Amino acid sequence: MNIGKYTAQGIPAAFTGQRTKKKEDKAEFKASMAQAAKPVNKEYIIYTKTDDMLYSGGNGSGLSYYIKYAEESTEEDPVVIAKGVDENGQEFEQTIHINKISPHHATLVEMHALEAHMGVDKNGGLSSLPLAPDLGNMGLNDRRDFINMFRNTISDMTLLKQREAVAYYQYSMQMYEDFILKPRWK
């Protein structure tokens, strides 16, 4: 059953093999297919980790950065500098006070800064952060509740009977929950 140019499932009629009724629909379809066929010339910058970096990495959105301790960093007030390019290819630099990070409302950059500062075990992987569908598409300023993401990942791994993964993500979540409860400089 078509509703306008789309099927009831939300699939454009042109993709289902059903014919569109108007010539302009066909022209619009051809134009959209031509646009989709154009190669995407997006360049990605990747920072190679050096000895003075706490973290170097990024995600599928194009966000790429490295993290180092700032000169003004102290044991009581650990401060890091994150430098890189955002998901739009724009350079950025952020000063992050570790003690002010909230895993309940953090950016990906903040969480990697916290992970690196705390020395959370990455279990042989690239990160201790939870598996989440949108993690790879987070932009520089996107915030998420990482503790809730851990809970969802643990629930998913429990359903899949992945005991080792459950134990690892429980360990990781506990590290970040302990950080939340730790008395910090304000």
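Look a little higher up for the structure.
Residues numbered from 1 in each chain as written. Predicted model: local features only at pLDDT ≥ 70, side-chain atom pairs only at ≥ 80, totals over all residues. Heavy atoms only, no water.

**Q** Would you explain the sheet that holds strand E6 (residues 91–97) in this entry?
**A** Strand pairing in a sheet is mediated by backbone hydrogen bonds. Such pairs are either parallel or antiparallel. The strand order across the open sheet built from 4 strands is E3-E4-E5-E6, with neighbouring strands paired in antiparallel fashion. Each of the sheet's edge strands pairs with one partner strand only, and the pair in question is strand E3 (55–58) and E6. Across the sheet, the axes of successive neighbouring strands diverge by a mean angle of 20°, strand direction being ignored. Two strands pair when backbone bridges link them, and strand E4 (residues 64–69) and strand E5 (residues 79–85) are joined in this way by 6 bridges, in the antiparallel orientation. Note that in E5 the partner of Ser64 across the bridge is Val85. Its contacts with the sheet put helix H2 (residues 108–118) on E3, E4, E5 and E6, and the angle it makes with E4 is roughly 40°. (Pairing = 2+ DSSP bridges. Helix = DSSP H or I, 4+ residues; strand = E, 2+ residues; numbered from the N terminus. Axes fitted to C-alpha atoms, helices over the stretch in contact; angles between N-to-C directions. Contact = heavy atoms within 4.5 Å.)

**Q** Even after reading the chapter, I still don't get the layout of surface pockets, so can you show me in this structure?
**A** Gaps between atoms show up when a probe of the same size as a water molecule is rolled over them. Each pocket or cavity is described by its volume, and for the largest pocket that value is around 240 Å³. Mapped onto the lining of the largest pocket, the elements with two or more residues apiece are E3 and H2. Among the elements that line the lining of the largest pocket, the one with the most residues is E3, at 4 residues. Class assignment for the residues of the lining of the largest pocket results in 5 nonpolar, 7 polar and 2 charged. (1 Å grid on protein atoms, 1.4 Å probe; cavity = no way out; pocket = protein on both sides within 12 Å on 5 of 7 lines; lining within 4 Å. Points joined across faces, edges and corners; volume = space filled by probe spheres on them. Nonpolar A, V, L, I, M, F, W, Y, C, P; charged D, E, K, R; others polar.)

**Q** Is there a simple way to explain the environment of Glu87 in this structure?
**A** Examined against the element boundaries, Glu87 turns out to sit in the loop between E5 and E6. Look at Glu87 and you get partly exposed, because its relative accessible area is 24%. Each C-alpha atom of the pair Glu87 and Asn137 lies 8.7 Å from the other, and the pair is 50 residues apart in sequence. One polar contact links the side chain of Glu87 to the main-chain amide nitrogen of Leu140, over a distance of 2.9 Å. (Buried < 20%, exposed > 50% of the residue type's maximum accessible area, 1.4 Å probe, protein only. Polar contact = N/O pair within 3.5 Å; in protein donor to acceptor, adjacent residues only side chain to side chain.)

**Q** What exactly am I supposed to notice about the packing of H2 against helix H4 (residues 163–181) here?
**A** In a pair of packed helices, the angle between the axes and the distance between the axes together describe the arrangement. Running from amino to carboxyl end, H2 crosses H4 at an angle of 90°, the nearest separation of the two axes being 12 Å. By the angle between their axes, H2 is roughly perpendicular relative to H4. In contact with Met111, Leu114, Glu115 and Met118 of H2, H4 contributes Met175, Tyr176 and Phe179. The residue makeup of the contact of H2 with H4, split by class, is 6 nonpolar, no polar and 1 charged. (Parallel < 35°, antiparallel > 145°, perpendicular 65-115°, else oblique.)

**Q** Got a minute to help me understand the nonpolar core in this structure?
**A** In globular proteins that are soluble, nonpolar side chains generally tend to be buried together. Core analysis: the biggest nonpolar cluster contains 34 residues, and Tyr65, Ile67, Leu108, Val109, Phe146 and Tyr176 have the highest contact counts within it. Listing elements by their share of this core, those giving two or more residues are E4, E5, E6, H2, helix H3 (146–159) and H4. In contact with Phe146, other than residues within four places in its own chain, are Pro103, Ala106, Thr107, Leu108, Met111, Leu129, Pro130, Leu135 and Met138. (Core = buried A, V, L, I, M, F, W, Y, C linked by side-chain atoms within 4.5 Å.)

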